[in-house]
Amino acid sequence: MNFPWSRLLKPVVFLICLIPFAYLLTGVFTENLGANPVEYLARSTGDWSLRFLLIVLAVTPLRRITGWRFLIKLRRMLGLFAFFYVTVHLLVYAVLDLTLDWSFLLEDILERPYITIGFTAWVLLIPLAVTSTNRMMRWLGKRWKTLHKLVYLIGLLGVIHYWWLIKKDLQEPIIYATILFVLLAMRVNKKYFNSLSVLASKLP
Ligand code: HEM
């Protein structure tokens, strides 16, 4: 299925992806982020990082089920937005929370398991962001696909990171973990979901 407004699709989705960031920036400048703005920023950018990772993982299964080929055109941009939000999340923590105290940051990365996992996920995202260009895709050939499968592991690390830091109410990490599990199951069991897409295409 091709939308007639396909030329507008990318810029429109780009602007939509910027809304959470614009909202947070506005909050910073209007001093409207509650009693603990740094915590608010860390949490909100963490949430958006995970959401974007799951959105990226949902692109291929959704395209298979719906047949909407235009979704593939958005995958790279959504992936880069995931990297953008995780990087902002890391910067909020390193700059605003730890005031760029590198020894504290290193200590946290080494000694607090949820930070270790979050940081590992961010490091693993770097090669994916760097190799997201067409040129890199051509240069890496088949290896590109293998490398980009890392995004599943990164999603898993993101969910573990969240699960680990929450002490009481696990409701949200459970929701994210369930979505991730379904997306991974779709990936593993392609045949089953391909037949779902055939069924969907026969719907009126
Ligand atoms: C793929 C990478 C990452 C994802 C998906 C992610 C996601 C999240 C999520 C969902 C939260 C909880 C938000 C909430 O309470 O609603 C969070 C919190 C947090 N993350 Fe991450 N994160 C990632 C990487 C990192 C990195 C690299 C660091 C720092 C080195 C970090 C440090 C923190 C901290 C300190 C909190 C607690 C904030 C607070 O409660 O004050 N995260 N993250």
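Note: the structure precedes this text.
Residues numbered from 1 in each chain as written. Predicted model: local features only at pLDDT ≥ 70, side-chain atom pairs only at ≥ 80, totals over all residues.

Draft legend 1. Local environment of the nonpolar core. Among the nonpolar cores identified, the biggest contains 27 residues, and Phe52, Leu53, Ala82, Tyr85 and Leu125 are the most heavily contacted of them. Residue assignment for this core shows that the elements contributing at least two residues are helix H2 (37-66), helix H3 (70-97), helix H5 (113-130), helix H8 (150-165) and helix H9 (171-188). The element that contributes the greatest number of residues to this core is H3, accounting for 8 residues. Not counting chain neighbours up to four residues away, the residues in contact with Leu125 comprise Phe83, Val86 and Ile154. (Core = buried A, V, L, I, M, F, W, Y, C linked by C-beta atoms within 7 Å. Buried ≥ 20, exposed ≤ 12 C-beta atoms within 10 Å, placed from the backbone. Helix = DSSP H or I, 4+ residues; strand = E, 2+ residues; numbered from the N terminus. Contact = placed C-beta atoms within 7 Å.)

Draft legend 2. Highlighting the site of the ligand. In the neighbourhood of the ligand, 22 residues make up the surrounding shell, with Ala42, Gly46, Gly118, Ala121 and Gly158 lying closest. For the shell around the ligand, the secondary-structure elements that each account for two or more residues are H2, H3, H5 and H8. In terms of residue count, the dominant contributor to the shell around the ligand is H2 (8 residues). Tallied by class, residues from the shell around the ligand come to 13 nonpolar, 6 polar and 3 charged. (Near = placed C-beta within 6 Å. Nonpolar A, V, L, I, M, F, W, Y, C, P; charged D, E, K, R; others polar.)

Draft legend 3. Expanded view of the packing of H2 against H3. At a minimum axis separation of 8 Å, H2 and H3 run at an interaxial angle of 160 degrees. Relative to H3, the element H2 is oriented roughly antiparallel. In the packing of H2 onto H3, the handedness of the crossing is left-handed. (Axes fitted to C-alpha atoms, helices over the stretch in contact; angles between N-to-C directions. Parallel < 35°, antiparallel > 145°, perpendicular 65-115°, else oblique. Left-handed = near helix turned anticlockwise from the far one by under 90°.)

Draft legend 4. Layout of the packing of H2 against H8. Between H2 and H8, whose axes approach to 10 Å, the crossing angle comes to 150 degrees. Our pair here, H2 against H8, has a crossing hand that is left-handed. Across from Ser49, Leu50, Leu53, Leu54, Val56 and Leu57 in H2, the residues of H8 making contact are Val151, Tyr152, Ile154, Gly155, Gly158 and Tyr162. Considering only residue class, the contact of H2 with H8 consists of 9 nonpolar, 3 polar and no charged.

Draft legend 5. Structural view of H2. Across its 30 residues, H2 extends 41 Å between first and last C-alpha, which sits within 8% of the 44 Å expected from 1.5 Å per residue. Val59 marks the point of greatest bend in H2, at about 35 degrees, and the proline Pro61 comes within the next four residues. Taken residue by residue, H2 has Leu41, Ser44, Thr45, Gly46, Trp48, Ser49, Leu50, Phe52, Leu53, Val56, Leu57 and Pro61 as its buried positions. Phi for Gly67, located one or two positions after H2, is positive at around 80 degrees. (Expected span 1.5 Å × (residues − 1). Bend = angle between axes of the 7 residues up to and from the residue.)

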